Every structure is written in C-alpha cells, then in structure tokens.
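Residue-level structural notes
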Amino acid sequence: MSRDPLAGNTGEDMDLANLSTKRQWIADLARRKPGEVLFSLHHVIDLEWMQEAYALTRKVAQRAIAMVLEAVYEQDFRSCSYGFRPERSAHQALRTLHSAITRHGQYWVLDIDVRKYFDSIPHDKLRAFLDQRVTDGVIRRMIDKWLKAGVLENGLLHLGTKGTPQGGVISPMLSNIFLHHVLDEWFEDVVKPRMMGPCTLVRFADDFVMTFKSYHDAKRVLEVLGKRLDRYGLTLHPDKTRFIDFRPERQGGTHPDCKAPPFDFLGFTHVWAKSQNGKKVVRQRTAKSRLARALMAINEWCRINRHLPIPAQRDRLAAKLVGHYAYYGITGNFMSLQQYFRQVPKIWRKWLERRSRKKELPWAKFLPILARHPLPRPKIMQRCTAVSEALS
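Here is a short report on the structure shown in this document. Everything numeric in this text was worked out from a predicted model, so none of it was measured.

Quick notes on the rules
Residues numbered from 1 in each chain as written. Predicted model: local features only at pLDDT ≥ 70, side-chain atom pairs only at ≥ 80, totals over all residues. Heavy atoms only, no water. Helix = DSSP H or I, 4+ residues; strand = E, 2+ residues; numbered from the N terminus. Buried < 20%, exposed > 50% of the residue type's maximum accessible area, 1.4 Å probe, protein only. Salt bridge = Lys/Arg side-chain N within 4 Å of Asp/Glu carboxyl O. Pairing = 2+ DSSP bridges. Axes fitted to C-alpha atoms, helices over the stretch in contact; angles between N-to-C directions. Contact = heavy atoms within 4.5 Å. Arc of directions from axis to C-beta. Phe/Tyr/Trp six-rings, centres within 6.5 Å; stacked < 30°, edge-to-face > 60°. Lys NZ or Arg CZ within 6 Å of the ring centre and 35° of its normal. Core = buried A, V, L, I, M, F, W, Y, C linked by side-chain atoms within 4.5 Å.

1. So, the overall build of the protein
- Each helix and strand counted, the protein has 13 helices and nine strands in total.
- The buried share of the protein, reckoned over its 392 residues, is 48%.

2. Section: the pattern of salt bridges
- Enumeration according to the criterion identifies 12 salt bridges in this entry.
- In this structure, the salt-bridge partner of aspartate 184 is arginine 203, at a minimum N-O distance of 2.8 Å. Separated by 19 residues along the polypeptide, aspartate 184 in helix 8 (residues 171-191) and arginine 203 in strand 4 (residues 199-204) bring together distant segments of the chain.
- Look at aspartate 184 and you get buried, because its relative accessible area is 0%.
- For glutamate 300, the salt bridge is made with arginine 303, and the minimal N-O distance between the two is 2.7 Å. Of this pair, glutamate 300 and arginine 303 both sit in helix 10 (residues 288-304), three residues apart, roughly one helical turn.
- We classify glutamate 300 as partly exposed; its relative accessible area is 35%.
- The partly exposed category is assigned to arginine 303, whose relative accessible area is 34%.

3. Examining the sheet that holds strand 5 (residues 207-212)
- Reading across from one edge, 4-5-1-6 is the order of the four strands in this open sheet, with antiparallel pairing throughout. With partners counted over all chains shown, the strands left at the sheet margins are strand 4 and strand 6 (242-245), one partner each. Pairwise comparison of adjacent strand axes, ignoring direction, gives a mean angle of 15 degrees for this sheet.
- Two elements, strand 4 and strand 5, share six bridges in a ladder whose sense is antiparallel. Across the sheet, the residue bridging to phenylalanine 204 is aspartate 207, located in strand 5.
- Across the sheet, helix 4 (residues 90-102) is in contact with strand 4 and strand 5; its angle to strand 4 comes to roughly 160 degrees.
- Strands in contact with helix 8 are strand 4 and strand 5; relative to strand 4, the strand with the most contacts, it is inclined by about 175 degrees.

4. A short note on the environment of glutamine 339
- Within the element layout of this structure, glutamine 339 appears in helix 12 (residues 334-353).
- Glutamine 339 sits in the partly exposed class, given a relative accessible area of 37%.
- Glutamine 339 sits 39 residues away from proline 378 along the chain, and the two C-alpha atoms are 9.4 Å apart.

5. Focus: the pairing of strand 5
- Within strand 5, five of the six residues are buried, leaving the element largely enclosed by the surrounding structure.
- Two successive antiparallel strands, strand 4 and strand 5, enclose a turn made up of two residues, where alanine 205 displays a positive phi of approximately 60 degrees.

6. Remarks on unusual backbone geometry
- Along the chain, proline 261 connects to proline 262 via a cis peptide bond; the corresponding omega equals 5 degrees.
- Residue placement: proline 262 occurs in the loop between strand 6 and strand 7 (263-265).
- The phi dihedral of glutamate 87 falls on the positive side, at around 60 degrees, and the residue is not glycine.
- Assignment of secondary structure puts glutamate 87 in the loop between helix 3 (60-73) and helix 4.
- At lysine 116, a position not held by glycine, the phi torsion is positive, near 45 degrees.
- Checked against the element boundaries, lysine 116 lands in the loop between strand 1 (108-112) and helix 5 (117-120).

7. Side note on the sheet that holds strand 7
- Strand order in the open sheet formed by three strands is 7-8-9, and the pairing between neighbours is antiparallel. Of all strands in the sheet, those bounded by a partner on one side alone are strand 7 and strand 9 (280-286). Strand-to-strand twist of the sheet, defined as the mean angle between neighbouring strand axes without regard to direction, takes the value 40 degrees.
- Pairing of strand 8 (residues 268-274) with strand 9 involves seven bridges; the strand directions are antiparallel. Of the residues in strand 9, the one forming a bridge with histidine 270 is glutamine 284.

8. Some thoughts on helix 6 (residues 123-131)
- Restricting attention to buried positions, one finds in helix 6 the residues His123, Leu126, Phe129 and Leu130. One side of helix 6 carries all its buried residues, which in axial view fall inside an arc of 120 degrees.
- Check the buried side of helix 6 and you find it contacts helix 3, helix 7 (137-147) and helix 8.

9. A closer look at the packing of aromatic side chains
- Following the criterion strictly, the structure yields 17 aromatic pairs and no others.
- On the basis of an interplanar angle of 45 degrees and a centroid distance of 6.0 Å, the ring pair of phenylalanine 84 and phenylalanine 204 is categorised as tilted. Placement of phenylalanine 84 in the loop between helix 3 and helix 4 and of phenylalanine 204 in strand 4 is noted, with a sequence separation of 120 residues between them.
- The partly exposed category is assigned to phenylalanine 84, whose relative accessible area is 46%.
- A ring pair is formed by phenylalanine 268 and tyrosine 327, whose centres lie 5.5 Å apart and whose planes are at 35 degrees; its orientation type is tilted. In this pair, phenylalanine 268 is assigned in strand 8 and tyrosine 327 in helix 11 (residues 310-328), connecting sequence segments 59 residues apart.
- Among the aromatic residues, ring-to-ring pairing joins Tyr107, Phe246, Phe263 and Trp272 into one connected group.
- Stacked on the ring of tyrosine 82, the Lys or Arg arginine 88 has its end atom at 4.7 Å from the ring centre.
- Over the face of the ring belonging to tryptophan 351 we find arginine 354, whose NZ or CZ atom lies 4.8 Å from the ring centre.

10. Description of the nonpolar core
- Formed by 50 residues in total, the largest nonpolar core has its most connected members in Leu69, Ile143, Phe178, Met210 and Phe212.
- Secondary-structure elements contributing two or more residues to this core are helix 3, strand 1, helix 6, helix 7, helix 8, strand 4, strand 5 and helix 9 (215-230).
- Among the elements that line this core, the one with the most residues is helix 8, at 10 residues.
- Among all residues touching phenylalanine 178, those that are not within four sequence positions of it are Tyr117, Ile121, Pro122, Lys125, Leu126, Phe129, Tyr232 and Leu234.

Put into structure tokens, the structure is as follows:
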C-alpha cells in the first residue's frame, strides 16, 4: 500500500475557521479515499477541537481522538451497526429487527452473545485493523498509551494485551471498529452472497442478532461463526448463544435443533402475540431482568434519599419515570410500562414510611401526598411497529 502523501491529506487546503469545517474535511477525505490509509490527521486537534471535546466529556484527550476517528469511520461503517454512532439509536435497531421478522419472514434467529467482549479484544489485531485506515503517529501513540494503561481489578493494576480502556470514552469507538472488520464486513460481503435466501444482521455494540429466511442458512452461519470470532480472539458464550425457531406457526413443534421463542435483545423480550384485530404480530416487551433492575434502582435511590423533601423526591422520581418511558415506551409495551408505574409509588411509600420509625404511612395517608405530588403516567414514546397492527 502506498504511503505517499494523499492529495488533500496534509491539511494545507483545509479552512481551519470552524469545527464543522474540520469534521467535514475529514469525512470528505475518508469518503474520497475508501480503504486507503490516512496518516496526517492530528493537525485538526487544536484549541477549538479540544474545547468541543471538553464540552462533551471530561476525559478530554480520548474524546478528541474519538471525534477524529468518528469522522473517518462513519464513512466506512455499515448500516447494520447502530451502537454509539451519531444519529443512530437502539430504537432504530429494534425497528429493523421487527421488519426483518414480520415483513420479510426471516423467522430463523441467531441470538448471539460474545463472552466478555470488551475485555477480550486483542490489541495486536485491533492495531492491525487501525493500520488499514489511520496511521497518524500522534493519534496512534495516544491510542497505544490508553491500551497499555491496564485494567484495575480489586485494587490491583493488570497490564494486559487484551481489552479496551476501562471506562474510557474511546472504548465504544475502538470496539465498533473491531467488530466492523470482524463481523459487519464479513456478514455483508462474505455471508450474504452465499445464502440461499435473504438475511439480516442487527448490531448494537457487542449485542447482535442475525435473522434468516432459510433454516439451512442460519445453521450454516452458526456453524462457522464461532470459528470466525475465534480467529480474532473472541468466544461465543455457549449457554447464551441461541438458535431460535421464531416461526409464528410451528406445526409439529419447535425444530429439534432450535430453541422456542421468546428471545431478548436490547432490553426487550420479543414474542409472538395477537393484535386487537386478531392478527399475529411481534411484541417487544420490557425484559423481566431489565424491569427488575429498573425497580431495584428505584428502591436504592429511595432508600438513600428518603431524607430529602417530598417535592425534591417527586421531581427526581418523575425524571426517572420519564426516562424509562422514553426508552421502553414503544408500541405494544404499554402493559409493562403500567407495571413499572404501579410499583414505583409502592417503593416510594415504603421508604417514606421508614424515615421515622415512630410513624406509619398507610396508603390512606400516602394517597393525598401522591395526589399533591403526582408521578407521570405511562406514555408510548416510540412507534416501533406499524400503526395498522393496532397493538395495545
């Protein structure tokens, strides 16, 4: 691969007047030079760039480098990747998955779990992938410094050759780059052309599922997927990786090689149900583990903050409820929202009652408090399925 300076890669033709110009310059350069090495990028990281990084996070240097990598790799990343990317979300991933199953009949589902993904990425292979696109010395030395920083476990520092920086804002970008090469490109460029029928990959960071029109296609991919990941130092979790027979009508029962529905993805349990007009549809409900975790978080917050004035408690609980509705408030999941809404006041009353051991707070006395300080009721915030399906 040629290492001669690329046209437009020295920064001399770039207007440094504003941040958006710099980002656009990097993006245009990466778009004009697909698959080519970019080795002079660090000059964009000036005072203005660092100020923007500081506004986004207090780990300033990592954010600044991540902003450069984002401008480059957004030109390369595939549409199947949704996690930690601008203008992409988990709800878009859920809509894509829903469409693949219900509109395209891809009923054979591989629910994949990679064992300890963020701790398992081999540094040498990650560096090799970065060598294909970004070799700027300043940027690469900074990344190497963070990779070599080690992991703190039980108060001891472990220097290793695997894993992304612990808690670092650069980690999501590096992990996306790694799976882009290991999984996304492989699936789109190698797997799809060899399949008998259509198939879809939906990935959010290290959480991903594959759907197939053909049982045989799904089985073939499952047989080689473990070998593909092992080649790059990753391991499928044997108990959490599942082959799901998600056909709406399974005459003769579930296929013997498969597990029966439902399956979980991005905090939602996916299961077949009937709409109000009797049509079979896929419902995405809050996973039981996520609901339990959310209620445990409410319980812990109320326990620690029960000394605060009631209006202050109400405001914070209301914010937590609204945040929960913003993510889990999708079409067809109203009953799960109601379950969460019903439990929060019970938890709140329990810890208000324990503010003083001498006083009791029966529901008869708590209800007027709740009337004066009402909590926001459940609300569907995301229309992730077709309105015509008339889900409740």
